[in-house]
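Coordinate analysis (summary)
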Amino acid sequence: MPVMRPPKSREEKRYRRHLRVRKSVTGTAERPRLVVFRSLKHITAQLVDDVARRTLLTVSSTDLTEGKKTEKSREVGKRLAARAKEAGVAKVVFDRAGYQYHGRVKAVADGAREGGLEV
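In short, a report on the structure. (Residues numbered from 1 in each chain as written. Predicted model: local features only at pLDDT ≥ 70, side-chain atom pairs only at ≥ 80, totals over all residues. Heavy atoms only, no water.)

**A few points about the pattern of salt bridges**
Charged atoms that come close allow side chains of opposite charge to pair. Per the stated rule, a full pass over the model turns up 9 salt bridges. The residue Asp 63 makes a salt bridge to Arg 79 at a minimum N-O spacing of 3.1 Å. Residue Asp 63 is located in the loop between strand S3 (54-60) and helix H2 (69-87), and its partner Arg 79 is located in helix H2; the two are separated by 16 residues in the primary sequence. Through salt bridges with shared partners, a single ionic network connects Arg 22, Arg 33, Asp 50 and Asp 95. (Salt bridge = Lys/Arg side-chain N within 4 Å of Asp/Glu carboxyl O. Helix = DSSP H or I, 4+ residues; strand = E, 2+ residues; numbered from the N terminus.)

So, in structure tokens, the structure goes:
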């Protein structure tokens, strides 16, 4: 890992937090990592197998048009759970990616649980 200077921006601070979380959270083929990325307008969730170093599937809120951002986030979690079930995944490890477990990030996790994933 490269030597890191003290973080300056909000994004760099989040990335540092994400690295700290990633030390302990690893996804496998049986239990992939559900990682969340949150932008100002949209939210994206991915299932990642860290052992094989590949992304299994991705769901984003870019194709959703109606509802508030938190509602869209919950729907992203439900869609991810449905696609994961089709792929044969029942359990995941949740990676909040340095974001606070609150609001839209929590809504993705709740939506995934509602869809039948064990988070």
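**Side note on a positive patch on the surface**
On the surface, Arg 10, Lys 13, Arg 17, Arg 20, Lys 23, Arg 38 and Lys 69 cluster together into a patch of positive charge. Counting residues per element, the positive patch draws most heavily on helix H1 (residues 10-24), which supplies 5 residues. Note that Arg 17 resides in helix H1. Judged by its relative accessible area of 33%, Arg 17 is partly exposed. (Patch = residues over 30% accessible without salt bridge, like charges linked within 9 Å, V, L, I, M, F, W, Y side chains within 5 Å. Areas by Shrake-Rupley, 256 points an atom, 1.4 Å probe, with all protein chains shown as cover. Lys, Arg positive; Asp, Glu negative; His and termini not counted. Charge placed at Lys NZ, Arg CZ, Asp CG, Glu CD. Buried < 20%, exposed > 50% of the residue type's maximum accessible area, 1.4 Å probe, protein only.)

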